[in-house]
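The lines below spell out each chain.
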Amino acid sequence: METLSTEKSFGGVQGVYRHASDVTGCDMTFAVYLPPQAEDGPVPVLWYLSGLTCTHANVMEKGEYRRMAAELGIAVICPDTSPRGEAVPDEDDWTFGSGAGFYVDATEAPWNANYRMYSYVSEELPALVAAHFPLRMDRQGVFGHSMGGHGALIMALKHADRFRSCSAFAPMTNPSTVEMPATAFSRYLGDDKAAWRGYDAVALIEDGHGFSEILVDQGDADGFLDMLLPQRLQDACGGGAVDLTLRMQPGYGHAYYFVSTFMDDHMRWHAARLCGD
């Protein structure tokens with residue numbers, strides 16, 4: 001693992017790192033914020049998954065999480081959203097390829113050689129950070145925005161025994177049924193729609209997966225509401241598998257102005273479930 005940069009912030013350290021990934025077959029970059037409490041021993045872990053077109057840097061530069069992470073004593077880990085590099089297949093399309101890994105393990109060529117972001121985020125990167133940073137891997141939470149909100153939901157639903165907390169900002173909730181993400185699913189995963197259900201929060205809940213409680217904030221002025229479908233998530237959770245708190249926020253859109261406004265709320269939500277006894 002190579003250290004690309006470190007900066008002191010709110011008494012802690014914001015670092016950016018790179019490593020050679022066996023899962024994605026290329027170098028991957030990620031960010032870790034360690035709060036000042038990490039100097040005294042391992043701290044709880046909160047994963048932030050970013051959305052389409054993003055890298056690790058978007059939330060690091062615009063998400064405004066460090067002050068609250070330092071106050072609460074939580075490490076925040078921000079992976080990239082896709083493999084990258086000259087040898088990695090890509091397309092000139094913001095909805096597919098670089099920056100648009102959708103947190104799936106691709107099964108279709110040529111994407112299956114590198115686009116394995118589900119395994120990268122759920123297995124390889126956790127093992128790497130556990131070996132290099134003072135983290136309480138028995139106290140993990142996950143959250144994210146848009147495509148990353150979709151990623152956070154499926155990670156929590158598929159690993160309810162690992163994550164103590166989950167939240168999302170404007171998540172894609174039922175992507176296998178919406179044209180743009182469904183097109184990406186078909187190219188990454190093939191035509192068997194049964195395989196798509198394993199990467200779709202609404203479908204996972206319908207198929208028996210659950211999680212204790214989830215917080216979702218959604219702006220009611222979001223231009224992508226027809227793709228995000230928060231009501232479908234609410235309907236799926238109505239059966240009792242998930243205690244969902246869905247907050248429709250008047251006047252807010254989809255950008256990081258929205259995310260940063262409610263970041264403190266989400267940090268406190270996770271701290272209540274990750275910290276203490």
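The structure under discussion appears in the preceding block.
Anyway, here's the lowdown on the structure attached to this text. (Residues numbered from 1 in each chain as written. Predicted model: local features only at pLDDT ≥ 70, side-chain atom pairs only at ≥ 80, totals over all residues. Heavy atoms only, no water.)

1. Quick word on unusual backbone geometry
- With an omega of -5°, the peptide bond between Ala 109 and Pro 110 qualifies as cis.
- Position of Pro 110 relative to the elements: it lies in the loop between strand E5 (75-78) and helix H3 (117-132).
- Of note, the phi angle at Thr 53 is positive, near 75°, even though the residue is not glycine.
- With respect to the helices, strands and loops of the structure, Thr 53 is situated in the loop between strand E4 (43-49) and helix H1 (57-62).
- The backbone of Leu 229 shows a phi angle near 55°, a positive value even though the residue is not glycine.
- For Leu 229, the position within the fold is in the loop between helix H8 (225-228) and helix H9 (230-237). (Helix = DSSP H or I, 4+ residues; strand = E, 2+ residues; numbered from the N terminus.)

2. Quick word on the sheet that holds strand E6 (residues 135-145)
- With mixed pairing, nine strands are arranged side by side in an open sheet as E1-E2-E3-E5-E4-E6-E7-E8-E9. With partners counted over all chains shown, the strands left at the sheet margins are strand E1 (2-9) and strand E9 (242-249), one partner each. Averaged over all neighbouring strand pairs, the angle between strand axes comes to 20°, with direction disregarded.
- Across three bridges, the pairing between E4 and E5 is parallel. Considered in E5, the bridge of Val 45 is made with Ala 75.
- Sheet contacts for H9: strand E8 (211-219) and E9; angle to E9, the most-contacted strand, approximately 155°.
- Each of E4, E5, E6, strand E7 (163-169), E8 and E9 is contacted by helix H10 (residues 256-274), which is oriented at about 165° to E7, the strand it contacts most. (Pairing = 2+ DSSP bridges. Axes fitted to C-alpha atoms, helices over the stretch in contact; angles between N-to-C directions. Contact = heavy atoms within 4.5 Å.)

3. Here's the deal with empty space enclosed by the protein
- Applying the stated rule across the entire model yields one cavity of 30 Å³ or more.
- Every residue along the wall of the largest cavity is listed here: Trp 47, Leu 49, Val 121, Ser 122, Pro 126, Gln 140, Val 142, Met 155, Arg 162 and Phe 163.
- Sorting the residues of the lining of the largest cavity by element identifies E4, H3 and E6 as the ones contributing at least two each.
- The dominant element in the lining of the largest cavity, judged by the number of residues it contributes, is H3, at three residues.
- Class assignment of the residues belonging to the lining of the largest cavity gives a composition of seven nonpolar, two polar and one charged. (1 Å grid on protein atoms, 1.4 Å probe; cavity = no way out; pocket = protein on both sides within 12 Å on 5 of 7 lines; lining within 4 Å. Points joined across faces, edges and corners; volume = space filled by probe spheres on them. Nonpolar A, V, L, I, M, F, W, Y, C, P; charged D, E, K, R; others polar.)

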